[in-house]
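Survey of secondary and tertiary structure
Listed below are the residues making up each chain.
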Amino acid sequence: MDNQDNGTDPVAEGNVTIKAGRLASLRNDPKGWTVLVLAAAAVIVFFGSAFGAGIGLWGWQAGLSALPWTGLVALIALIIAIVGIILDRRKERKTRWPLLGIGAIVSLGFVGYLASYAMTIASLPAIHDITTDLADPPQFSALSLRADNWDNIPGADDSAMRGMNPRQRWATLHQDAYSDIRSVRIDQPVAEVIEKAKRLAEDRGWEVANVDPASGHLEATATISLFRFKDDVVIRARAAENGQASIIDMRSVSRVGVHDLGANAKRVRQFLSDLSGTTTTAS
């Protein structure tokens, strides 16, 4: 009677009390806030470093140097979350999930994302020049092959490659890792193939630097990732079967860095597949 006389709603008051309690619980959850803030900071710094390098605020080396630290911060956040959950269970305390759960999920996803790159680095050789023709790679004319292209090729201390020069080591590593990347045959004349290659390059957003259908030559630059890394591409078409078919070779080279994380090989595979409609290699 008193509540009705005063015009108050006990249900509304109860809802307000519950909401206030939840907000207070979130404010008094240092563990959850710590995990969430660390996880969010790792992700923000990761993408911020890449984006900043991509638009020229700092060099790509500076951008890359921040990435291992972001992984460490995310891993620390994940460890704090796991340890906190375990301690709650042992002490029979109720775990405060909203902040802790979100932070743990973000940390786990980000650590997994970085781990996939680490696995790629470990599984592929540290080379950045990929081609379908190791003996006679297509050559750039409008674009320039990077001056340090044959520097830092791994394997100098490998007994299996002892006595090989850098280019020979590159060819050996390339063949072992990318044996499927070979010349392809297309049942079209050279000029038609290069015209189609030009359209495919433009559709991909590549900057075409030189195209000569008559001589069977095309050069372009692809820009990838938030870092805005640039990879140079050259395509060579040679006539076969009295000009009714073409043998196509392709080369993709990163302008910077030592390890390309398989990006150039992926580009060559996909482009030649789209160009030919098949992955059949040239005989």
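Placed above this text is the structure.
None of these values were measured; they are calculated from a predicted model.

A closer look at helix α5 (residues 97–123)
A rise of 1.5 Å per residue sets the reference length of α5, with its 27 residues, at 39 Å; its end C-alpha atoms lie 37 Å apart and thus fit the reference within 8%. Where α5 is concerned, the buried positions are L99, L100, G101, G103, A104, S107, F110 and L114.

Brief notes about the environment of A245
Position of A245 among the secondary structure elements: in strand β6 (residues 245–254). As a C-alpha pair, A245 and V190 span 55 residues in sequence and 7.2 Å in three-dimensional space. Leave out the neighbours within four places in its chain, and A245 touches R185, I186, D187, Q188, R238, A239 and A240.

A word on the nonpolar core
In terms of nonpolar packing, the biggest core is built from 30 residues, with W206, I235, I248, M250, F271 and L275 touching the most fellow members. Mapped by element, the contributors of at least two residues to this core are α6 (166–177), β2 (184–186), α7 (190–203), β4 (217–224), β5 (229–240), β6 and α8 (263–276). Per element, the largest residue contribution to this core is six residues, and it comes from α7. Among all residues touching I248, those that are not within four sequence positions of it are T132, S183, V184, I186, V193, I235, R236, A237, L272 and L275. Membership of the second largest hydrophobic core comes to nine residues, among which are A42, A74, F110 and F227.

Things to note about the packing of helix α3 (residues 30–54) against α5
Between two packed helices, the angle of one axis relative to the other and the distance separating the axes together describe the packing. Interaxial distance between α3 and α5 falls to 8 Å at its minimum, and their mutual angle equals 35°. For the pair α3 and α5, the crossing hand works out as left-handed. Counting all contacts with α3, which are made through K31, G32, W33, V35, L36, A39, A42, V43 and F46, the residues of α5 involved are L99, L100, I102, G103, A104, V106, S107, F110, Y113 and L114. Of the residues that constitute the contact of α3 with α5, the class distribution is 15 nonpolar, three polar and one charged.

Rules of the game
Residues numbered from 1 in each chain as written. Predicted model: local features only at pLDDT ≥ 70, side-chain atom pairs only at ≥ 80, totals over all residues. Heavy atoms only, no water. Helix = DSSP H or I, 4+ residues; strand = E, 2+ residues; numbered from the N terminus. Expected span 1.5 Å × (residues − 1). Buried < 20%, exposed > 50% of the residue type's maximum accessible area, 1.4 Å probe, protein only. Contact = heavy atoms within 4.5 Å. Core = buried A, V, L, I, M, F, W, Y, C linked by side-chain atoms within 4.5 Å. Axes fitted to C-alpha atoms, helices over the stretch in contact; angles between N-to-C directions. Left-handed = near helix turned anticlockwise from the far one by under 90°. Nonpolar A, V, L, I, M, F, W, Y, C, P; charged D, E, K, R; others polar.

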